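In case you want the letters, here they are:
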Amino acid sequence: ASHSAMEPRVAVAQPTQAGGLNMWVGSQDVFYQRDVICRRLGISEEKVKVQGCRVGGAFGGKTIATVELEAAVLA
């Protein structure tokens, strides 16, 4: 509990007409988020644009790509 995020985890993904994704994430490492999404969904890095929204504190709790991957799959 001492390392939990101070706000809920959330991500938004928008599919593009070129078969990629635009994403908005509350993350400490947008490159890791992008790499996980590309690897898991088989999308090239050039087609995934990740915007980091650096708000709140996570204290290391936002370094994994759980909600970001879920948003990408749903999109």
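A few points on the structure.

**Things to note about the environment of Leu-41**
Residue placement: Leu-41 occurs in helix 1 (residues 30-41). Along the primary structure Leu-41 and Val-73 are separated by 32 residues, whereas in three dimensions their C-alpha atoms are 7.8 Å apart. Apart from residues lying up to four places away in sequence, Leu-41 is in contact with Leu-21, Leu-69, Ala-72 and Val-73.

**Remarks on helix 2 (residues 67-74)**
Taken as a whole, helix 2 has its buried residues at Glu-68, Leu-69, Ala-71 and Ala-72. Summarising the axial view, the buried residues of helix 2 lie within an arc of 160°, below the 170-degree limit, and thus occupy one face. Facing away from the buried side of helix 2 by over 90 degrees, the exposed positions are Glu-70, Val-73 and Leu-74. Next to the buried residues of helix 2 lie strand 1 (11-15), strand 2 (21-25) and helix 1.

Basis of the calculations
- Residues numbered from 1 in each chain as written.
- Predicted model: local features only at pLDDT ≥ 70, side-chain atom pairs only at ≥ 80, totals over all residues.
- Heavy atoms only, no water.
- Helix = DSSP H or I, 4+ residues; strand = E, 2+ residues; numbered from the N terminus.
- Contact = heavy atoms within 4.5 Å.
- Buried < 20%, exposed > 50% of the residue type's maximum accessible area, 1.4 Å probe, protein only.
- Arc of directions from axis to C-beta.

Fair warning: the whole summary comes from geometry, so function is off the table for now.
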